[in-house]
There are 2 protein chains.
Amino acid sequence: MNSLIGILGGMGPGATVDAMQKLIKNTPAYRDQDHIPMIAVSIPDIPDRTKCILDHSASPLEKMIQYMKILENAGAECIIIPCNTAHYWFNELKLHTHAEMISIIDATCEVIRDKKITNVGLLATTATVKANIYQDNISKSHIYCHTPTAAEQHLVMESIYTYKSGNALAAHNILAPVKDRMLQDGVEKIILGCTELPLILEGEIQKTPESYIDATDALIKKTVEWYFAHAHRNEVAA
Amino acid sequence: MNSLIGILGGMGPGATVDAMQKLIKNTPAYRDQDHIPMIAVSIPDIPDRTKCILDHSASPLEKMIQYMKILENAGAECIIIPCNTAHYWFNELKLHTHAEMISIIDATCEVIRDKKITNVGLLATTATVKANIYQDNISKSHIYCHTPTAAEQHLVMESIYTYKSGNALAAHNILAPVKDRMLQDGVEKIILGCTELPLILEGEIQKTPESYIDATDALIKKTVEWYFAHAHRNEVAA
């Protein structure tokens, strides 16, 4: 139970499973016992993050704190949240736990800076876009962040809700023209800044992985790094 | 957090994610909040189940109880274990929790009986086969359970460990001739009685789903059933 990773999930459940799958795939392991220990809470009655930010409806914060406490009580030493929009409350969540927390936004922006990208596109929920969650982070590094038009953003959000409603193909067909237009207009890469997007665009990512920065993937790679740095410290201390 | 499902996982981690994915796919849901609440513990330092049963090496029981307590303390009301071999200790585990537990063996054998199958093949770990975990259950219903020859069983086990070592393609190529021979010899269906097998034979299952009984799938369908029966009871009581 060395350096247990806690996953505050359910936002949505499919994205939680995707994060776990990516954690497994990014771990060098030759048998069950080599894998990174994790605990995932996927209790999806957390109020809609986008609706809260845009319409001031019920806040997800209280439930997120409650479910984060489950992870902490179970012994999680590092907590991650595979939901970009939920990071609107990241600093507030940090105040409520003694565990380390890795931000999906920081992890993704670090990848953008490391790749020396200067002109990036952003696909994310309308709340993530309007709250400038990504833009505030990368503008400090003088990286231009290209966001969809209002009409396109409406389609992005429709695609995300369509995926959540169980229709992956329709979600893909709604989103595809938006990402095509952004790539044709010359952005170097597109940030998949909502954890449903790597699932909606799975086929495209396999064909042209160089066009995308998958935020879930960035978060997981940072988490694996944290684990090995931390597990090593524990061994030295023992 | 109504009727929280606890998943005692990590045996292996890939099978845990497969079970979660199947729980999501088997839930009628149109938004995040419609999904079944779950908590999954995937701490894979649990000693190898097969080695313990066959070679009397370290027992996994103590760690399984410890991680089951995490689920119970988090509020899990129903606990499932996506690992067939671990069910060797199922009755003992049941003594250590107040939560309901659904057996993957019982769920799978119920499917076999419901389908009026009289001649079934079994692919599972050598420990599951030798401990008669499936045979004891279905022989009561006069169903004949066809198991691989000793040489074939060696290949099944090699395939499972190869998958766990990260080589899905090699695992498939080792296993394919064994399932081909069993189907050619006239078994009606093959029980995929190890939770890695639906992952190893993913392509085949998509092509000819009627040839297989996926134990993980049987467990999950029973779990979804439990959830809706239980959530309904809670509503009536409220």
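Residues numbered from 1 in each chain as written. Chains lettered and ligands numbered in written order. Predicted model: local features only at pLDDT ≥ 70, side-chain atom pairs only at ≥ 80, totals over all residues. Heavy atoms only, no water.

## Points about the interface of chain B and chain A
Here is step 1: Taken together, the 37 residues of chain B in the interface contact 37 residues of chain A.
Here is step 2: At the boundary of chain B with chain A, total buried surface from both sides reaches about 2,800 Å², with 61% on carbon and sulfur atoms.
Here is step 3: Between A:Arg49 and B:Asp32 there is a salt bridge whose closest N-O contact spans 2.8 Å.
Here is step 4: For the interface between chain B and chain A, the tally reads nine residue pairs in polar contact (both at pLDDT 80 or more).
Here is step 5: When contributions to the side of chain B that touches chain A are tallied by element, the ones reaching two or more residues are helix H1 (13-25), strand S2 (38-42) and helix H3 (61-73) of chain B.
Here is step 6: At six residues, H1(B) tops the list of elements feeding residues into the side of chain B that touches chain A.
Here is step 7: Its residues placed into classes, the side of chain B that touches chain A shows 22 nonpolar, nine polar and six charged.
Here is step 8: Sheet topology note: the strand S2 (residues 38-42) of chain A/S2(B) ladder contains five bridges and is antiparallel. Counted as the bridge partner of A:Ala40 is B:Ala40 from S2(B). (Contact = heavy atoms within 4.5 Å. Buried area = accessible area lost by both parts, 1.4 Å probe. Salt bridge = Lys/Arg side-chain N within 4 Å of Asp/Glu carboxyl O. Polar contact = N/O pair within 3.5 Å; in protein donor to acceptor, adjacent residues only side chain to side chain. Helix = DSSP H or I, 4+ residues; strand = E, 2+ residues; numbered from the N terminus. Nonpolar A, V, L, I, M, F, W, Y, C, P; charged D, E, K, R; others polar. Pairing = 2+ DSSP bridges.)

## Section: the sheet that holds strand S7 (residues 189-192) of chain B
Residue and element names in this part refer to chain B.
Here is step 1: Taken together, four strands build an open sheet; the order of strands is S6-S5-S7-S8 and the sheet is parallel. Each having just a single partner strand, strand S6 (144-146) and strand S8 (212-214) make up the two edges of the open sheet. Across the sheet, the mean angle separating the axes of adjacent strands is 30° when strand polarity is ignored.
Here is step 2: As paired strands, strand S5 (residues 119-123) and S7 are joined by four bridges and run parallel to one another. In the strand pairing of S7, leucine 123 is matched with leucine 192.
Here is step 3: Against the sheet, helix H5 (residues 104-114) contacts S5, S7 and S8, and its axis sits at roughly 150° relative to S8. (Axes fitted to C-alpha atoms, helices over the stretch in contact; angles between N-to-C directions.)

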